[in-house]
Amino acid sequence: MSDTLFCYCCRTHHPREQMRRFATRRGERWRCLRSIEAARGQPGERDAFGRRQSEINRLAASQTAERMVIPHFRHGPP
Ligand SMILES: [Zn+2]
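Not measured: the values here are computed from a predicted model. (Residues numbered from 1 in each chain as written. Predicted model: local features only at pLDDT ≥ 70, side-chain atom pairs only at ≥ 80, totals over all residues.)

Draft legend 1. Structural detail: the overall build of the chain. For the chain, the count of helices and strands is two helices and four strands. For the chain, the succession of helices and strands along the chain, N to C, is β-β-β-β-α-α. Classification of the 78 residues of the chain by burial places 6% in the buried group. (Helix = DSSP H or I, 4+ residues; strand = E, 2+ residues; numbered from the N terminus. Buried ≥ 20, exposed ≤ 12 C-beta atoms within 10 Å, placed from the backbone.)

As structure tokens, then:
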């Protein structure tokens, strides 16, 4: 169970044998073969990955927005 690596694409851990080092602008990251193949070959698969990633980003953004908005509601209008 310890021989896993963090896949920056799926944001989860996969077994090492499914992982390849992948150069990004921020340096080398580990990506699983499945995500590399998906990005390379099939537009549908890549779109699914992109959609899921943007969904995660959107959720994180809305959660941050909620935390920032709530205190303003408490103060109310002057
Ligand atoms: Zn992965």
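Draft legend 2. Representation of the pairing of strand β3 (residues 19-24) in the model. Bridging between β3 and strand β4 (residues 27-32) involves six bridges; their strand directions are antiparallel. Across the sheet, residue A23 finds its bridge partner in β4, namely E28. What sits between the antiparallel neighbours β3 and β4 is a turn of two residues. (Pairing = 2+ DSSP bridges.)

Draft legend 3. Representation of the pairing of strand β2 (residues 12-15) within the structure. Of the strand pairs in this sheet, strand β1 (residues 4-7) and β2 are connected by four bridges, and their pairing is antiparallel. If you follow C7 over to β2, its bridge partner there is T12. What sits between the antiparallel neighbours β1 and β2 is a turn of four residues, in which R11 has the positive phi angle 55°.

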